[in-house]
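# Descriptive analysis of the structure
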Amino acid sequence: MKKKVIGLIDGQSGNIGSINKAIKEIIKGRPYQLKIIKGEFDNSLFSKIILPGQGAYATLISNLKKLKIYKPLKKYLDNNRSYLGICVGMQILSDQGHEDKTTKGLGIIAGEIKKFKSKKLIIPHMGWNSIRLNKEDPIITNNLDNKDFYFVHSYIFQNIKKSNVLANTHYGKKFPSIIKKGNIYGVQFHPEKSHKYGLNLIKNYILKS
Amino acid sequence: MLKTRIIPCLDVIKNKVVKGVNFKNIKVMGNAVEMARYYSLSGADELCMLDINASYQNRKTFIKTVEAIAKVINIPLTVGGGISVLDDITDLLNAGADKVSINSAAVKNPKLIRQASIKHGSQCIVVAIDGKRHENKMKVVVKGGREITKKELIVWAKEVQSLGAGEILMTSMDTDGVQNGFDSSMLKKVTSNVSIPVIASGGVGNLEHFYLGHLTKSTGLLAASVFHSGKYKIKSVKKYLKNKGVPVRL
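Only a predicted model underlies this, so the values are computations on that prediction, with no experimental measurement involved. (Residues numbered from 1 in each chain as written. Chains lettered and ligands numbered in written order. Predicted model: local features only at pLDDT ≥ 70, side-chain atom pairs only at ≥ 80, totals over all residues. Heavy atoms only, no water.)

### Concerning the overall build of chain B
What counts is decided by this rule: Secondary structure counts use DSSP, requiring at least four H or I residues in a row for a helix and at least two E residues in a row for a strand, with both numbered from the N terminus. Throughout, radius of gyration means the C-alpha value; the globule benchmark is 2.2 Å times the number of residues raised to the power 0.38. Burial here depends on accessible area, computed with a 1.4 Å probe over protein chains only, as a share of the maximum for the residue type. Under 20% is buried, over 50% is exposed, and the range in between is partly exposed. When checking whether two residues touch, look at their non-hydrogen atoms; a contact exists if any pair is within 4.5 Å. Reported accessibility uses the Shrake-Rupley method at a 1.4 Å probe radius. Residues are deemed covered only where the shown protein chains occlude them. In this charge count, Lys and Arg are treated as positive and Asp and Glu as negative; neither His nor the chain ends contribute. In plain terms, the charge of a residue is placed at NZ if it is Lys, CZ if Arg, CG if Asp and CD if Glu.
Each helix and strand counted, chain B has 10 helices and 12 strands in total. Whereas a compact globule of 250 residues would reach a radius of gyration of roughly 18 Å, chain B reaches 17 Å, a difference of no more than 12%. Here the C-alpha coordinates of chain B stretch approximately 45 × 40 × 40 Å along the principal axes. For chain B, the residues scored as buried account for 56% of the 250 residues in total. Contacts in chain B between residues far apart in sequence, at least 24 positions, make up 64% of those at least 6 positions apart. For chain B, the exposed surface amounts to about 10,600 Å²; the carbon and sulfur share of it is 50%. Each charge sign in chain B was given a centre, from 37 positive and 20 negative side chains, and these centres are 4 Å apart.

### A short note on the sheet that holds strand β2 (residues 32-37) of chain A
Residue and element names in this part refer to chain A. Keep this limit in mind: Strands are labelled as partners when DSSP assigns at least two bridges between them. Where helices are involved, their axes are fitted lines through C-alpha atoms of the stretch in contact, as for all axes, and angles between N-to-C directions lie from 0 to 180°.
Spatial ordering of the open sheet is given by β2-β1-β3-β4-β14-β13-β12-β9, a layout of eight strands whose pairing is mixed. Two strands bound the open sheet, and with one partner strand each, they are β2 and β9 (132-133). With respect to the sheet, helix α3 (residues 70-78) is in contact with β1 (4-9), β3 (48-53), β4 (83-87) and β14 (184-187), its orientation differing from that of β3 by roughly 120 degrees.

### Concerning the pattern of salt bridges
Residues and elements named next belong to chain B. For the record, the criterion: Only one rule defines a salt bridge in this text: a Lys or Arg side-chain nitrogen within 4 Å of an Asp or Glu carboxyl oxygen.
If you walk through the whole model with that rule in mind, you get 17 salt bridges over all chains. Among the ionic pairs, arginine 5 bridges to glutamate 167, the shortest N-O distance being 2.7 Å. You can see arginine 5 sitting in strand β1 (residues 5-13) and its partner glutamate 167 sitting in strand β10 (residues 167-172), a full 162 residues away along the chain. With respect to burial, arginine 5 and glutamate 167 carry one shared label: buried. In this structure, aspartate 183 engages arginine 133 in a salt bridge whose closest nitrogen and oxygen atoms are separated by 2.7 Å. With aspartate 183 in the loop between β10 and α7 (184-191) and arginine 133 in strand β7 (residues 125-134), this residue pair connects regions lying 50 residues apart in the sequence. Of the residues examined, arginine 133 reaches a relative accessible area of 33% and is grouped as partly exposed. Residues joined in a network through salt bridges with shared partners are Arg5, Glu46, Lys99 and Glu167.

### With respect to the environment of B:Asp130
All names here are of chain B. Cut-off, in case you're wondering: Pairs of N or O atoms are called polar contacts if they sit within 3.5 Å, as long as, within protein, a hydrogen donor faces a hydrogen acceptor (for residues adjacent in sequence, only side-chain-to-side-chain pairs).
Mapping aspartate 130 onto the fold places it in strand β7. Since its relative accessible area comes to 8%, aspartate 130 is described here as buried. Counting along the chain gives 112 residues from aspartate 130 to lysine 242, while the straight-line C-alpha distance between them is 29 Å. Apart from residues lying up to four places away in sequence, aspartate 130 is in contact with Asn103, Lys139, Val140, Val141, Met170, Thr171 and Met173. A distance of 3.3 Å separates a polar atom in the side chain of aspartate 130 from a polar atom in the side chain of asparagine 103.

### Thoughts on the sheet that holds strand β7 (residues 112-115) of chain A
All names here are of chain A. Across the sheet, four strands lie side by side as β6-β5-β7-β11; this open sheet has mixed pairing. The sheet terminates laterally at β6 (102-104) and β11 (155-158), the two strands that pair on one side only. Each strand axis lies, on average, 25 degrees off the axis of its neighbour in the sheet, ignoring direction. Pairing geometry for strand β5 (residues 96-98) and β7, over two bridges, is parallel. Across the sheet, residue glutamine 96 finds its bridge partner in β7, namely glutamate 112.

### Concerning the pairing of strand β5 (residues 77-80) of chain B
All names here are of chain B. Applicable threshold: The crossover handedness rule: strands pointing away from the viewer, path from first strand over the helix to second strand clockwise, crossover right-handed.
Every second residue of β5 is oriented toward a common face, with Leu77 and Val79 on one face and Thr78 and Gly80 on the other, all of them buried. Pairing between strand β4 (residues 47-51) and β5: four bridges, direction parallel. Note on β5: the bridge partner recorded for leucine 47 is leucine 77. Regarding the hand of the β-α-β motif, the stretch spanning β4, helix α2 (residues 56-72) and β5 is right-handed. Across three bridges, β5 lies against strand β6 (residues 99-102) in parallel orientation. Each residue of the ladder has a partner; that of glycine 80, found in β6, is serine 101. Handedness of the β5-helix α3 (residues 86-95)-β6 crossover: right-handed.

Treat this as a map of the structure, not an account of what it does.
Here it is as structure tokens:
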């Protein structure tokens, strides 16, 4: 049987060691193989693509362009193919990000990325926080509702359609922590750092979605 | 709701966890990789490890230890000690650290904080500050408290925030190693003057100390001896805190 290929994009935005390790553990003995995407790629080879990211929105977008990953990725997403974006890898699905300047995003899920507003909040939002499900979905079955995941971010996805939000988290106010449109998922937290429930979520994405 | 993080800290020489009161009488507590694996499994929210004897020879083994630990845990890992230039930070992140903690190198060269946060993002740059009271002022100290710098603690804490630090690891050298509790007044002073997360460090000896640490508005509570000696399990600390109404991940 031909193995399904999972692409893990190294956008030079934080190290990919933990997510790489997590995927390998999950696909061991299963009909999948993992390929790291570091540059221009043929998107027809992949059945799933995962993009972890840390740090700045603008940096990740410009890295993806520099590495010639942006175009094939954009096409892949425009065709509603299976994707999991982690943290900034989720945020760049939006129309635009507002940091020091405004950066155009991939424009896959309507909305924009803005900083947490309240002056009373400790920023970044760093640590374990729980998610509340809006609706059931293959990647967040297995009783992941109300479980804690590890977050590190100062920006959140705003002006998103409610129908694209699978789960919310509360920090100062409610913000989207898992989003979905078609076959495209984004998680604001780091499942690869979130112990067993995080691994559960990655496993569900790979095996069930 | 955001949970208060319980963070065991491993003081490491090569691949061994050691303990020493004020860096004297150093005693081996165990194998670093085994202890890291144990803490990750038993509910630690994050792990911190420091190279406390970063000589050229020990460093290679230490980096290998970081790599080995990153492979066996799936919680965030902060690594510090032995950092002097930007390349040292890159090396640790490449070895699998999620965050890097800079201490005396930042005091010597504050620009390093800005360079590191621009290159790698604020979220992975922790500035460790060692504080001590001296002539009625809270000062920044280096070399394990042996050298008092000219910097005032609060001025420095604000400065590291504006330079791009994502978090402060605040150790009071007045309370470190003696297990009489965190330095609440020093911690409160820091948390009320910055808006980035502060991890409290130095002085935990019993369960109540964790609770008092939480009251300082520190969002992470770091401890070493009480965990390494087996006095408390991470879970029992969290259960205690939960009963006190502190949000924790159980």
